[in-house]
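# Chain and residue survey
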Protein chains: 2
Amino acid sequence: MPTYKAPLRDVRFLMNDVLDYPAHFKTLSNGELADADTVDMILEGAADLCENVLAPLYQSGDDEGCHFDNGTVTTPKGYKEAYDQYVQGGWQGLSYPEEFGGQGLPMSLNLIKSEMMGTANWSFTMYPGLSAGCMNTILQFGTDEQKNTYMPNLTLGTWSGTMCLTEPQCGTDLGQVKTRAEPQADGTYKLFGTKIFISAGEHDLTENIIHIVLARLPDAPKGTKGISLFIVPKFFINEDGSVGERNPVFCGSIEHKMGIKASATAVLNFDGATGYLIGKVHEGLHAMFTFMNTARIGTAVEGVAHAELSFQGALPYAKERMSMRALSGKKDPEKVADAIIHHADVRRMLLTQKAVAEGGRAMIYHAAQLADKMTDNLLKGDQAGHDYWDDKLGFFTPILKGFLTELGLEASNLGIQVYGGHGYIKEWGMEQIVRDARISTLYEGTTGVQALDLLGRKVLLSSKGKVVRDYTAEILKFCSRHARNKQMRRFVWDLTKVCAQWNTLTIRLMLTARKDRDIVSSASVDYLMYSGYAMMAYFWAQMAAVALEKIENGGTEVPEFYQAKVQVAEFYFDRLLPRASGHAEALVSPSRTLTQLAPEHFSFDY
Amino acid sequence: MPTYKAPLRDVRFLMNDVLDYPAHFKTLSNGELADADTVDMILEGAADLCENVLAPLYQSGDDEGCHFDNGTVTTPKGYKEAYDQYVQGGWQGLSYPEEFGGQGLPMSLNLIKSEMMGTANWSFTMYPGLSAGCMNTILQFGTDEQKNTYMPNLTLGTWSGTMCLTEPQCGTDLGQVKTRAEPQADGTYKLFGTKIFISAGEHDLTENIIHIVLARLPDAPKGTKGISLFIVPKFFINEDGSVGERNPVFCGSIEHKMGIKASATAVLNFDGATGYLIGKVHEGLHAMFTFMNTARIGTAVEGVAHAELSFQGALPYAKERMSMRALSGKKDPEKVADAIIHHADVRRMLLTQKAVAEGGRAMIYHAAQLADKMTDNLLKGDQAGHDYWDDKLGFFTPILKGFLTELGLEASNLGIQVYGGHGYIKEWGMEQIVRDARISTLYEGTTGVQALDLLGRKVLLSSKGKVVRDYTAEILKFCSRHARNKQMRRFVWDLTKVCAQWNTLTIRLMLTARKDRDIVSSASVDYLMYSGYAMMAYFWAQMAAVALEKIENGGTEVPEFYQAKVQVAEFYFDRLLPRASGHAEALVSPSRTLTQLAPEHFSFDY
C-alpha cells in the first residue's frame, strides 16, 4: 500500500542543482520573498501536510466517495477537517497577491506544492486546484470591485471556485455552448442552462462557491466568438461581505466515475441564477485561453504525481516479495527465493516509473520557471513581456500535458504489474492509482487535443517549425558544452541524433501538410509522443550532467545519490528513448491509411 | 454503452476463408461431427446466448458484484438464471467426450464460443472457464472411477470446478506452496492450508464445486518437485452419485477487485478437507503444466474480447458525437460540427481497436487449430503426436497471452479515450471494460512470466532459436507466394524485413546470453512484444491476401467487406507494426542498464 513520502531530496536536487531556482527567483520582482529559508519552510510544511493529513485520506476517500442528497454534496469523512487545516496553513494564498491576504510568492512554488499534494491525494487537491482557475480569472479580468468582493475569501480558501465550461453536447468544441445569459435591468444577467463535469461544483468544504461560467448573450454571434464569461456565486454576497441568499444554481447530481471518487463532479443547473459579466462581452473563450497553459500544466502534474505514488507503492513490495531466482544466480541465498527487485524485468518496470516521475518532474519544474516569468510580467503590467513568455510556455504545455499524462498512466499500470495479482485487489491501493490517473489524459483537453495544439497550432501554423528549431538549437548547445566529457558522450550522441530527426520530421510534415491537411491530425499524437520522448531525454541528460559534476566536485548529497541519477538517465536512453523510433516511423505514413475506410465499413456486423 | 453483437461475419471470414476450418476439421478424428450445419448452429446459438442472456448482465453484474456472507457467496442478480440457461443449452459439454454426456466436438469450437461469451460478459464466462480446467485435469489424469464420479455433472455444468494453486506467499513461484496433505488410513488425504485468488471458488450457480488443489505430502521434497494434486469436492458424493455431506473447505472471504466484480475470487481455507490424489505423487506441477498452453490461450482470448467490446462501444459513439471540423474540410456540413469519426486521430484509435480485435482473433483461431490437433492425438492415445503439437503450440502461447492481453488493455483504454470525459463515467460502460481487462496481463502468468517463457524457454533453451527460424521460414514462403502480386507488395516487403530482423535479434540475444544471463530477463518483454507485432503482421497479411483474392474472384461477402480487411491491414502495417522498431532497439541494450542500480538506491527519500 503506498504511503506517501515527499521526495524532498529529489525536489531539492532539481531546484538547487539542475534548474538553479535561487538564481531564477532573483530575476523575478517578487523573487526576494522566496529566500532559502522560506522555500525550505514551504517544502517541509507542504511535506508535513501531505504525508500526515492528505495521504491518510487517499484510500478512505475512494472507498467512501462523495455523497449526493437532494442537491447537497458531502465529501468523504475527514476531508472537511483536512481542508480546514489547509486553510489554516494559508496554503491557498501562497502565490496570490498580498493585498488580498496571500503571500505573494512566485507561482512555481504553488506548482511544486500542488505536485506534492496531488501525489498524496489527487481528489482532495482538485478542490483548491479549481479555486485557482477561478482566482486567476478574477485577478486578470475582474473589475476592482469584483476582485475586492471575491479575492480575499478565495485567497483564504474559505470560499472555493469552479470553471463551468462543459455541457452535455460539448466539451472540446466549446463553440457549441448553449447556456443563455439574459441581461437584466440592473446590469446583471440571469443564466439558464446545464453544465456537466464541474469539478468541485458542489461540496461541503467552504461556505461559498464562486462559479466562472461560459454562456451566451441573446445577441451573441454563433460559435466560439459569441461566448461571454460570468461570475455566478452559489450564495449572494451581502454588502458587508458576508454570505447571503442562495443563488438558483443547483447541483442536479454527481457523476459515478472510474476514479477520483473523493472529488465531486457535479451537474449544475442554472435556473435563472444571477451572474455578473467578467471581462468583455463575447470574449469569454479568449479569456479562458489565457489560462490554458497554466491549467494544462497543472494537469500535466498528474502524470508525475501518479507515476511517483505508484512507484512509492511498488518499490517496497518489490523489495519484500520473494519469487523465483534471478537468472544470473541467487541474490538472497538464505531466503526461499529472491526478492523480485532482483529480476531484471521487475527493475525495468520500477525504473520506468522512476524515470517518468523524475524526468516529468524536471519538465514541470522547468515549465514553472517560464510560468513565473510570464506571471511576473503581468504583475509588472508588461503585457508584451507576458505574451512573450506565454508563447514560450505554449510549446511545452501540450507536450507536458499529453505526454506526461500518457506516461503517468503507463507508470501507474506498471505499479499494478509489479504486484502481480495483488495489484488488482483494492486493499493494496495500487489499482486506485490507475483509476485516478485515467482521467488525466481526458480532461483539460484530451491527448488528441494536445497533439493538434502542438503540431497544428504551435509547430506548423504559428511558427513554421521554428519552435522546434529553436528548442533543438538549445539542446545542441548543451551537447557541444558536454561533447568532450567521456561520461556524457552517449547522451550527447543520442540527443544530437534526436535533434536532427525531430527537425526532419517537422519539415517533412510541413511539406506534406500543404497537399494533405489530414496529415496534421493523423500524425499528431505520434508527433506529440515523439516530442515528449525527445524532450524528456534532454532533461535526463541535464540531470546526468549535473550529477556527474557533483560526483566529481562534491555536492550536498552522498555520491550514490548522484550516481543513481546517472544510472536512471542511462536507463532512459537505453530503454525508453527508443520508443521515439516507432513513433517517428508511424507518423510519416500517409494519412490515407487512416482516412480511407468509410465510416459505414468500420463494421459489417453492427 | 456497448451492447454486444457477435461479429459472425468476421468469425466466418476467418473460419471459412482465411484458416479453412472445414478442411481442418477433416483432419481430426472427431471432425466429421463439426459439419457446416452444426458449426452454424453453434455460432448462432452462442451468439443468441451472448447477445440476449449474458451481455444484458454485464454492467449490472459490475454494479452489484458478488456478495459474501459467512462463507456463502451469492452471484449478482440474474447470474444463476443465465447459468441455468447455459447448462440447459448443453454449452459446457460442447467439446467434451460423448461418453460423459458431451458433444465431443473439436475444442476449437469451444474456444470460439468462449471468445463470444467472454466478450459479452467476461465475469460470467470465468465460472464455466474454470470448470474446464478442472475437467481437463480429471480427464487426463483421473482414474476411471474419478472420471465416472465427476465428469458427467461437470460436463452437464450442474457442478463446476476450480484450480487451487496460489497461496498468500506465492503465485508464480509455486515451489513455495505450503498447503499440507496428510495421508489417511483409507487412502484419502486431509488437506490443511489457505489458497487465495480462487476464481469461482465459491458461488451459488451449481450444486457442487470440485476443487483441484496443489498440496504437499509430509515426505515431499522441497520446491517444485514435491507438489501433488488433489480432488477436493465441496460436498462429498454419495454412493448413488448424489451430493452428500459438506467437506471442510470453506470460503473465508472474497476479494474486492478493480474489475470482473461479478466473478467471485475466493480465499479458501482447507481445514482438514478430504482430498483424493489425482495423478502421481509429487508430480502435481508437471500435471498443471500439461494444461498451460490451453489455459493461457483461454486467457489470451481476453485481449481480443475486451478490444472487441470496447470497439463495439466506441464505434457508434464516434459516429454520433459531434465535435469540431475535420482538418480537411467539413464532413457533416448540415450539422453543428462533424461526427468525431471524421477526425483522423479518432480513426487511429478506432482502427487500433479493430486491428487488435481482428488480428488477435485470427491468432487465436489459428492456435485453436493446433490445440485441436494436440487434443485429437490425445484422444487417439498418441502421446508423441500430442507432444509434437503441444510443443508447436508452446511457441504461440506466451506471445498470444502476453502480447494480446497487453494490446487488449490498450485497446480498451482507447475506447475510453474516444468518449473523452464521458468515457470516465460509469454509466457509459467503457471504463468497466478497462477495469475488467486489467486482470488479463496478471493472471495465468504475468506478461513478464510469458516473456521469460518465450525467450528463455521456448526460443533460447529448448530450440536455440529454431522456433523463430521455422516460423519466419513459413512467413517467407507466404511472401514468395505473393511476391508478384502488386497489391501485396508492401506487406511482403515489410514482412521480409521483419523476418530478417526477428532472426537477427534472436541470434544476437543468444550470443549475448552466453556471457550475460540477465539479458534474457532484461530483453524478454520487449522481445515478446516485438514477436507479437511481427506475428500479428503475418496474420493481417494473410487476411489481406485472402480478401484481395475474394475481391478479384468473388466471395460470400460484399466487396466492401473484403476491401475493409485490406485497408485495416494497411493501417496495421503503417501504424502499429512500426512499434516493433522501438522494441528492437530497446531489447538489444545491455542488461547492465537494468541491473546496475543497487536496490537501496532506487530511492533516497523513502
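Residues numbered from 1 in each chain as written. Chains lettered and ligands numbered in written order. Predicted model: local features only at pLDDT ≥ 70, side-chain atom pairs only at ≥ 80, totals over all residues. Heavy atoms only, no water.

- An unreviewed UniProt entry lists chain A under the name 3-methylmercaptopropionyl-CoA dehydrogenase, with Alkanindiges illinoisensis as the source organism.
- Looking at the Sequence similarities (unreviewed entry) heading of the UniProt record, one finds this comment for chain A: "Belongs to the acyl-CoA dehydrogenase family."
- The UniProt entry for chain A carries this comment under Catalytic activity (unreviewed entry): "3-(methylsulfanyl)propanoyl-CoA + oxidized [electron-transfer flavoprotein] + H(+) = 3-(methylsulfanyl)acryloyl-CoA + reduced [electron-transfer flavoprotein]". (UniProt positions renumbered as here; feature names shortened; annotations may be inferred.)

### With respect to the relation of the copies chain A and chain B
- Taken as rigid bodies, chain A and chain B are interconverted by a rotation of 180° and an axial shift of 0.0 Å, the fit giving an RMSD of 0.0 Å. Such values leave the two copies arranged in the relation of a two-fold axis. Identified as the residue of chain A closest to the rotation axis by C-alpha distance is A:Gly582, at 2.5 Å.
- The overlap is high: 100% of the interface residues of chain A also sit at the interface in chain B, so the same surface is used on both sides. (Least-squares fit on C-alpha atoms with pLDDT ≥ 70 in both. Contact = heavy atoms within 4.5 Å.)

### Section: the interface of chain A and chain B
- The interface of chain A with chain B comprises 111 residues on the first partner and 111 residues on the second.
- Both faces considered, chain A and chain B share a buried interface measuring about 9300 Å² in area, 58% of it formed by carbon and sulfur atoms.
- Of all residues in chain A, A:Tyr424, A:Phe602 and A:Tyr606 bury the most surface against chain B, accounting for 10% of the area lost on that side.
- Where chain A meets chain B, there are 4 salt bridges.
- If you look at where chain A meets chain B, you find 58 residue pairs in polar contact (both at pLDDT 80 or more). (Buried area = accessible area lost by both parts, 1.4 Å probe. Salt bridge = Lys/Arg side-chain N within 4 Å of Asp/Glu carboxyl O. Polar contact = N/O pair within 3.5 Å; in protein donor to acceptor, adjacent residues only side chain to side chain.)

### Some remarks on the UniProt feature "domain: Acyl-CoA dehydrogenase/oxidase C-terminal" (unreviewed entry) in chain A
- Taking the UniProt record as the reference, the feature "domain: Acyl-CoA dehydrogenase/oxidase C-terminal" (unreviewed entry) is found at residues 283-453 of chain A.
- With 73% helix and 0% strand, the stretch residues 283-453 of chain A has end C-alpha atoms that lie 20 Å from each other. (Helix = DSSP H or I, 4+ residues; strand = E, 2+ residues; numbered from the N terminus.)

### Topic: the UniProt feature "domain: Acyl-CoA oxidase/dehydrogenase middle" (unreviewed entry) in chain A
- With numbering aligned to this structure, UniProt lists the feature "domain: Acyl-CoA oxidase/dehydrogenase middle" (unreviewed entry) at residues 163-271 of chain A.
- Span residues 163-271 of chain A is 0% helix and 47% strand, its end C-alpha atoms 18 Å apart.

### Side note on the packing of aromatic side chains
All names here are of chain A.
- Across all of its chains, the model carries 58 aromatic pairs over all chains by this definition.
- An angle of 75° between the planes, with centres 6.3 Å apart, marks the rings of Tyr 21 and Tyr 365 as edge-to-face. One end of the pair, Tyr 21, is in helix α2 (residues 21-26); the other, Tyr 365, is in helix α11 (residues 344-379), with 344 residues separating them in the sequence. The same class applies to Tyr 21 and to Tyr 365, which are both buried. (Phe/Tyr/Trp six-rings, centres within 6.5 Å; stacked < 30°, edge-to-face > 60°. Buried < 20%, exposed > 50% of the residue type's maximum accessible area, 1.4 Å probe, protein only.)

### Here's the deal with helix α6 (residues 107-120) of chain B
- The end-to-end C-alpha distance of α6(B), which contains 14 residues, comes to 20 Å, matching closely the 20 Å that a straight helix rising 1.5 Å per residue would cover.
- Summarising burial for α6(B): 13 of the 14 residues are buried, a large majority. (Expected span 1.5 Å × (residues − 1).)

### Describing the domain arrangement of chain A
Residues and elements named next belong to chain A.
- We note that the domain assignment places domain 1 (8-288), domain 2 (291-445) and domain 3 (452-592) within chain A.
- Distance from the C-alpha centre of domain 1 to the C-alpha centre of domain 3: 34 Å.
- Of the residues lining the interface, 6 residues belong to domain 1; the matching set on domain 3 comes to 9 residues.
- Across the interface of domain 1 and domain 3, roughly 750 Å² is buried in total on both sides, 64% from carbon and sulfur atoms. (Domains from an automatic or database assignment.)

### Concerning the pattern of salt bridges
- Going through the model one piece at a time under the given rule, you end up with 58 salt bridges over all chains.
- Close ionic contact of B:Asp62 with B:Arg435 constitutes a salt bridge, the shortest N to O distance being 2.8 Å. Placement of B:Asp62 in helix α4 (residues 58-64) and of B:Arg435 in helix α13 (residues 430-437) is noted, with a sequence separation of 373 residues between them.
- Take B:Asp62: its relative accessible area is 5%, and that puts it in the buried class.
- Overall, the relative accessible area of 3% leaves B:Arg435 in the buried class.
- Between B:Lys80 and B:Asp84 there is a salt bridge; the shortest N-O distance is 3.1 Å. Of this pair, B:Lys80 and B:Asp84 both sit in helix α5 (residues 79-88), separated by 4 residues, roughly a single helical turn.
- Given a relative accessible area of 30%, B:Lys80 falls into the partly exposed group.
- The class for B:Asp84 is partly exposed, based on a relative accessible area of 27%.
- If you follow the salt bridges from partner to partner, you end up with A:Asp62, A:Asp63, A:Lys426, A:Glu431 and A:Arg435 in one network.

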